[in-house]
Amino acid sequence: MTPPKHGRRAATPSPVRPTSARRSDFVAGIMSRLTRTGGSRPAGVSLRPVLSVIAMSFAGAMMVATSVPALAITATDTVARASVYAPAEDTIELAPQTVEVGSDGIMSTLAAEQYDVAAAPPPIVSQVASVGSVSLIDTGAVVWPVLTPEKRSGGYGPRSAPCSGCSTFHDGVDFTPGNGTPVMSIADGVVVLATENGGGLGVNVEVQHNVGGELVTSSYAHMQFGSIAVSVGQQVSAGQQLGVVGTTGQSTGPHLHLEMFGTDGARFDGFAWLSARVG
Ligand SMILES: [Zn+2]
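Residues numbered from 1 in each chain as written. Predicted model: local features only at pLDDT ≥ 70, side-chain atom pairs only at ≥ 80, totals over all residues. Heavy atoms only, no water.

**Looking at the overall build of the protein**
If you tally the helices and strands in the protein, you get eight helices and 14 strands. A fraction of 59% describes how many contacts in the protein between residues 6 or more apart in sequence connect residues 24 or more apart. With the model as given, the accessible surface of the protein reaches about 17,500 Å², and the carbon-plus-sulfur share is 60%. (Helix = DSSP H or I, 4+ residues; strand = E, 2+ residues; numbered from the N terminus. Contact = heavy atoms within 4.5 Å. Areas by Shrake-Rupley, 256 points an atom, 1.4 Å probe, with all protein chains shown as cover.)

**Topic: the layout of surface pockets**
Size it by volume and the second largest pocket reaches roughly 410 Å³. Together, 23 residues line the second largest pocket, and Arg159, His170, His222, Gln250 and His257 are the ones closest to its centre. Taken together, the elements giving at least two residues each to the lining of the second largest pocket come down to β3 (152–154), β5 (169–170) and β13 (256–261). The class makeup of the residues in the lining of the second largest pocket is six nonpolar, 13 polar and four charged. (1 Å grid on protein atoms, 1.4 Å probe; cavity = no way out; pocket = protein on both sides within 12 Å on 5 of 7 lines; lining within 4 Å. Points joined across faces, edges and corners; volume = space filled by probe spheres on them. Nonpolar A, V, L, I, M, F, W, Y, C, P; charged D, E, K, R; others polar.)

**Details of unusual backbone geometry**
Look at Ser130: it is not a glycine, yet its phi comes out positive at around 70°. Relative to the helices and strands, Ser130 resides in the loop between β1 (124–128) and β2 (132–136). Judged by relative accessible area, Ser130 falls into the exposed class, the value being 76%. Unusually for a residue other than glycine, His222 sits at a positive phi of about 70°. Look at His222 and you get buried, because its relative accessible area is 4%. (Buried < 20%, exposed > 50% of the residue type's maximum accessible area, 1.4 Å probe, protein only.)

**What about the environment of Arg267?**
You can see Arg267 is positioned in strand β14 (residues 267–268). Using a relative accessible area of 30% as the deciding quantity, one classes Arg267 as partly exposed. Residues Arg267 and His170 lie 97 residues apart in sequence; the distance between their C-alpha atoms is 9.8 Å. One polar contact links Arg267 to Glu259, side chain to side chain, over a distance of 2.9 Å. (Polar contact = N/O pair within 3.5 Å; in protein donor to acceptor, adjacent residues only side chain to side chain.)

**Quick look at the side chain of Thr195**
When you line up the elements, Thr195 lands in strand β8 (residues 189–195). At a separation of 2.9 Å, a polar atom in the side chain of Thr195 contacts the main-chain amide nitrogen of Asn197. In this view, Thr195 contacts Gly202, Val203, Asn204 and Ile228; residues no more than four positions away in its chain are not counted.

**Points about the pairing of β13**
Burial analysis of β13 places six of its six residues in the buried class, which makes it a mostly covered element. Neither face of β13 is open: one carries Leu256, Leu258 and Met260, the other His257, Glu259 and Phe261, and all of them are buried. Bridge count for strand β6 (residues 173–175) against β13 is three bridges, and the pairing is antiparallel. Across the sheet, the residue bridging to Val173 is Leu258, located in β13. Judged from the five bridges that link them, strand β10 (residues 214–223) and β13 form a sheet pairing that is antiparallel. Residue pairing in the sheet places Tyr220 in a bridge with Leu258 of β13. Bridge count between β13 and β14: two bridges; the pairing is antiparallel. Counted as the bridge partner of Phe261 is Arg267 from β14. In sequence, β13 turns back onto β14 through a hairpin of five residues, with Gly265 there showing a positive phi of about 85°. (Pairing = 2+ DSSP bridges.)

Have a look at this one:
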């Protein structure tokens, strides 16, 4: 064996590992080619960088081959590419975002105006003494004025006078839920009367309502002194307490005398009216 001329690699056979015969053959070929042209290679230059560059080139080729999807290279059908790379949800979400503006903008405006008229009828404007104009908003929510409306001592209509001076025509309905029990507004409305000097009606509150576009007034009589919980002009809601059951005025026992009337002031059967509307 001749003494080494260029570095230790040229002096000893390449330390080929037995794990890959093909690779060792390749490396040996490179080595022998470099060795043959070793005369032009400057002294002291190692083969290691050259081999490293070759190895990195192989590694890069492997990465390209495994990281690029096959369809990205080979497929030419655009529909197939979309079905593979785009979730179906993405495609569906795009559809509602499409806005078509046509020449029917005026029709949309007319529809909105018609909706407003149907949904918000004009309120009834009522004149209340010492308060002025009050606005009554339409409401359909109607409730009983007492908790136990099934307890009654008299209905609307002709009757024999229960006391001297009492009318032979009963223009209200008498509820008997018990002395001191709550008396409540039958619907949303505005208090138009609240007095403890109601004559035969005793302690009396009146509330005006707009029920289905009709102005209706409810009158609650014979309540206890000092129990009135509202004042004239106050907005009240259906079921809101106005006072408690008593026997003030022309009364023979604790009860709520409820009268109801419209704009003409004529009394009507409040029990029948409530029975038809209370849910
Ligand atoms: Zn009565």
